[in-house]
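A closer look at the structure
Below, each chain spelled out in residue letters.
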Amino acid sequence: MDAIDVIVTKREGGRLSPEQIDWVIDAYTRGEVAEEQMSALAMAILLNGMDRAEVARWTEAMIRSGERMDWSVLDRPTTDKHSTGGVGDKITLPLAPLVAACGAAVPQLSGRGLGHTGGTLDKLESISGWRASLSTGEMLRVLRDTGAVVCAAGGGLAPADRKLYALRDVTGTVESIPLIASSIMSKKIAEGTGALVLDVKVGSGAFMKTVEHARELAATMVAIGADHGVRTVALLTAMDRPLGRAVGNALEVAEAVQVLAGGGPPDVVELTLTLAREMLAAAGVDGKDPADALADGSAMDVWRRMISAQGGDPDAELPVARESHVVTAPATGVLTRLDAYGVGVAAWRLGAGRARKEDPVSFGAGALCHAAPGERVTAGQPLLTLYADDAARFPRALAALDGAVEIVPDGAPDLLPLVIDRIA
Ligand code: URA
């Protein structure tokens, strides 16, 4: 096999054979195919696509580049959720313990935030003592003891994807639906879950800006899941405004704990319950209803045990940023727009996110939204509170909010429904 033949096949719009795919992924992982060759192939795939059989084989080859976890020793079925990422998306935090409280096991490997979207591990690390890195043995122990584990993926899981994702990031080839779908699914399938619910976000704060693109990504991922024996369902959900009221690591943990305590913003509660029911159904678990597990405190009990099992103190005070700045409503009327991307970039500039993988995050930084689109506001009332460790960050965060807020004297916002579609 020759890398140039593989590149030229795709450049000319041809189908890659299973042998070409297996060879190129393996040779790239071993360093035999050069970065510039893989970069040319990724661009050819971005421009010419891959069909279902190619995507399935590409995903399989990336899974085979590393280990595949196996949870068959557990006495309950496994189920997981993956979100394509958004602003204020803290759903994993209440969801994993909630689903565990209803009878399934949740082995979730999560990531860190990059750019304007947050990462689950950064959020959980704002809890004093909580540890993201676990060995497979530790994961199994936490899963057995509590029913849910959320931790970082080790280097042995889909190493081909790790290398390829870093390359795509710097070669303008992230936005290829077959490459995104195979990247996400290779990690989720290697994680060993039996069932998977995908939360594909749509809107300004998401990867996928339109329903049409999100639907194509969702259908591609659902097909990959089916081809690998993982029961997979996708929901398309709104990311044109932030999810909930809190954006930023510790702020989002506090909001997740409110949900587990039976409160929290209605959209966060609704999406948590919807995803929990989908995860349980996909795993074939027909036990307690998730709403009951929130109401009777059993989901909160699992949360506390899950945090403690990874060294965290569920009772510790969460970090609070040193400085705050209140943004007030410039007019009286209906808030018709609170743009997810604008709020996400503001939180990022306040220190909640990172520009490069190695950067630290500020746990207390972020934004609290005091009104949601559709609500009436009065001129001068607090609309957002911004939090940062250094007040010098406020001007650039405020600049990101320019145009993100719209208030009209009367009228209704043109918002995406919270759950837009379901693809199975
Ligand atoms: N997330 C991933 O894991 N991979 C992609 O390609 C895009 C988002």
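Residues numbered from 1 in each chain as written. Predicted model: local features only at pLDDT ≥ 70, side-chain atom pairs only at ≥ 80, totals over all residues. Heavy atoms only, no water.

1. A look at the sheet that holds strand β7 (residues 323-328)
- In spatial order, the strands read β6-β9-β11-β7; together these four strands make up an open sheet with antiparallel pairing. The open sheet terminates on both sides in strands that have one partner only, identified here as β6 (246-247) and β7.
- Note: strand β9 (residues 366-369) against strand β11 (residues 382-388), four bridges, orientation antiparallel. By the bridge assignment, Cys369 is partnered in β11 with Leu384. (Pairing = 2+ DSSP bridges. Helix = DSSP H or I, 4+ residues; strand = E, 2+ residues; numbered from the N terminus.)

2. Considering the site of the ligand
- Neighbouring residues of the ligand: Tyr165, Arg168, Ile180, Ser183, Ile184, Lys187 and Phe207.
- Between the ligand and Ser183, the relevant distance is 2.6 Å, taken from a nitrogen atom to a side-chain nitrogen or oxygen of the residue.
- When isolated, the ligand has an accessible area of 240 Å², and the protein chains bury 90% of it.
- At four residues, the largest contribution of residues to the shell around the ligand is made by helix α9 (residues 177-190). (Near = heavy atom within 4 Å. Polar contact = N/O pair within 3.5 Å; in protein donor to acceptor, adjacent residues only side chain to side chain. Areas by Shrake-Rupley, 256 points an atom, 1.4 Å probe, with all protein chains shown as cover.)

3. Structural notes on the environment of Gly366
- By the secondary structure assignment, Gly366 is in strand β9.
- For Gly366, a relative accessible area of 0% translates into the label buried.
- Put simply, Gly366 and Ala346 are 20 residues apart on the chain and 7.7 Å apart in space, counted from C-alpha to C-alpha.
- Beyond its immediate stretch of four places on either side in the chain, Gly366 contacts Val247, Gly248, Leu251, Ala347, Leu350, Ala352, Thr385, Leu386 and Tyr387. (Buried < 20%, exposed > 50% of the residue type's maximum accessible area, 1.4 Å probe, protein only. Contact = heavy atoms within 4.5 Å.)

4. Notes on helix α4 (residues 52-64)
- Compared with an ideal rise of 1.5 Å per residue, which puts 13 residues at 18 Å, α4 spans 18 Å between its outermost C-alpha atoms and is within 8% of the ideal.
- All of the buried residues along α4 are Glu54, Val55, Ala56, Trp58, Thr59, Ala61, Met62 and Ile63.
- Its side-chain oxygen 3.2 Å from the backbone nitrogen of Ala53, Asp51 forms the N-cap of α4. (Expected span 1.5 Å × (residues − 1).)

5. Some words on the packing of helix α11 (residues 249-260) against helix α14 (residues 298-309)
- Across the interface, α11 lies against α14 with an axial gap of 8 Å and an inter-helix angle of 140°. With respect to α14, the element α11 is oriented oblique. Contacts between α11 and α14 involve Val253, Val257 and Leu260 on the former and, on the latter, Ala299, Met300 and Trp303.
- Considered class by class, the residues forming the contact of α11 with α14 number six nonpolar, no polar and no charged. (Axes fitted to C-alpha atoms, helices over the stretch in contact; angles between N-to-C directions. Parallel < 35°, antiparallel > 145°, perpendicular 65-115°, else oblique. Nonpolar A, V, L, I, M, F, W, Y, C, P; charged D, E, K, R; others polar.)

6. Section: the UniProt feature "domain: Pyrimidine nucleoside phosphorylase C-terminal" (unreviewed entry) in the protein chain
- When the UniProt feature table is mapped to this numbering, "domain: Pyrimidine nucleoside phosphorylase C-terminal" (unreviewed entry) covers residues 334-408.
- The span residues 334-408 carries 27% helix and 29% strand; its end-to-end C-alpha distance comes to 5 Å. (UniProt positions renumbered as here; feature names shortened; annotations may be inferred.)

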